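What the coordinates show
Below, each chain spelled out in residue letters.
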Amino acid sequence: MAITVQNFIKMANFYNQMTMMMSAICVQKGGIAIENYVGRFFAADTLEFVYEYGRRLVEAGNVSPDVRALVERFRMQYERVRDLTTPSQRPIYEMTLEEFEKLMNI
């Protein structure tokens, strides 16, 4: 799949729709904080993917300043939730209990 601005915009829209749905779910479940919602890990992984795709798009060149600004906004959001993403070097099922608890903030 070629890295294109159109694909990036589609993924960005998906992420934005997903976060809106997550907020609605949290309200429906009694107003729980988004930090306590179990889907926050999936959202963090999705944000990581969208940001990385955008970063590669910017590196490839020929993108408008609007797209660059959007990628930068995703970068700032990603930096705040970086610790929630699934580690790339080791799958959860291979972690020790202590590593898993640390990852899940238990």
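What counts and what doesn't
- Residues numbered from 1 in each chain as written.
- Predicted model: local features only at pLDDT ≥ 70, side-chain atom pairs only at ≥ 80, totals over all residues.
- Heavy atoms only, no water.
- Helix = DSSP H or I, 4+ residues; strand = E, 2+ residues; numbered from the N terminus.
- Expected span 1.5 Å × (residues − 1).
- Contact = heavy atoms within 4.5 Å.
- Core = buried A, V, L, I, M, F, W, Y, C linked by side-chain atoms within 4.5 Å.
- Buried < 20%, exposed > 50% of the residue type's maximum accessible area, 1.4 Å probe, protein only.
- Phe/Tyr/Trp six-rings, centres within 6.5 Å; stacked < 30°, edge-to-face > 60°.
- Polar contact = N/O pair within 3.5 Å; in protein donor to acceptor, adjacent residues only side chain to side chain.
- Axes fitted to C-alpha atoms, helices over the stretch in contact; angles between N-to-C directions.
- Left-handed = near helix turned anticlockwise from the far one by under 90°.
- pLDDT = per-residue confidence, 0-100.

The end-to-end C-alpha distance of helix α2 (residues 40–60), which contains 21 residues, comes to 30 Å, matching closely the 30 Å that a straight helix rising 1.5 Å per residue would cover. On its buried side, α2 packs onto α1 (5–28), α3 (65–81) and α4 (97–104). Phi turns positive one or two residues past the end of α2, at Gly61, with a value near 90°.

Moving on to the nonpolar core. Nonpolar side chains tend toward joint burial in soluble globular proteins. In terms of nonpolar packing, the biggest core is built from 20 residues, with Phe8, Tyr15, Val50, Val67 and Phe74 touching the most fellow members. Counting residues per element, this core draws most heavily on α1, at seven residues. Not counting the four nearest positions on each side in its chain, Tyr15 is found in contact with Ala43, Thr46, Leu47, Val50, Phe74 and Gln77.

For Ile25, the position within the fold is in helix α1. Residue Ile25 is classed as partly exposed on the basis of its relative accessible area, which comes to 24%. Each C-alpha atom, one on Ile25 and one on Tyr37, is 8.9 Å from the other, the two residues being 12 residues apart in sequence.

All chains considered together, the criterion is met by three aromatic pairs. Considering the side-chain rings of Phe8 and Phe74, the 6.1 Å spacing of their centres and the 90° angle between planes classify their relative orientation as edge-to-face. Residue Phe8 is found in helix α1, and its partner Phe74 is found in helix α3; the two are separated by 66 residues along the sequence. By relative accessible area, which is 0% here, Phe8 ends up buried. With a centroid separation of 5.9 Å and 80° between ring planes, the pair formed by Tyr15 and Phe74 is classed as edge-to-face. On the criterion of sequence distance, the pair formed by Tyr15 in helix α1 and Phe74 in helix α3 is long-range, its members being 59 residues apart. The residues Tyr15 and Phe74 share a single accessibility class, namely buried.

Take the environment of Val38 next. Mapped onto the fold, Val38 is located in the loop between α1 and α2. A sequence separation of 16 residues divides Val38 from Met22, and the C-alpha atoms of the two residues are 9.9 Å apart.

Right, let's get into the side chain of Thr85. For Thr85, the location among the structural elements is in the loop between α3 and α4. A polar contact is formed between the side chain of Thr85 and the backbone oxygen of Arg82, at a distance of 2.9 Å. Setting aside chain neighbours within four positions, we find Thr85 in contact with Ala44, Asp45, Glu48, Tyr78 and Leu103.

Where α2 contacts α3, the two axes come as close as 9 Å, and the packing angle between them is 145°. Here α2 and α3 pass one another in a crossing that is left-handed. Where α2 abuts α3, its residues Ala44, Leu47, Glu48, Val50, Tyr51, Gly54, Arg55, Leu57 and Val58 lie against Val67, Arg68, Val71, Phe74, Arg75, Gln77, Tyr78 and Val81.

In low-pLDDT regions, the fine details of the predicted coordinates are not to be read closely. On average, the chain scores 89 in pLDDT, and the residues at 70 or more come to 93%. Mean pLDDT across the elements of the chain bottoms out in α4 (78) and peaks in α1 (96).

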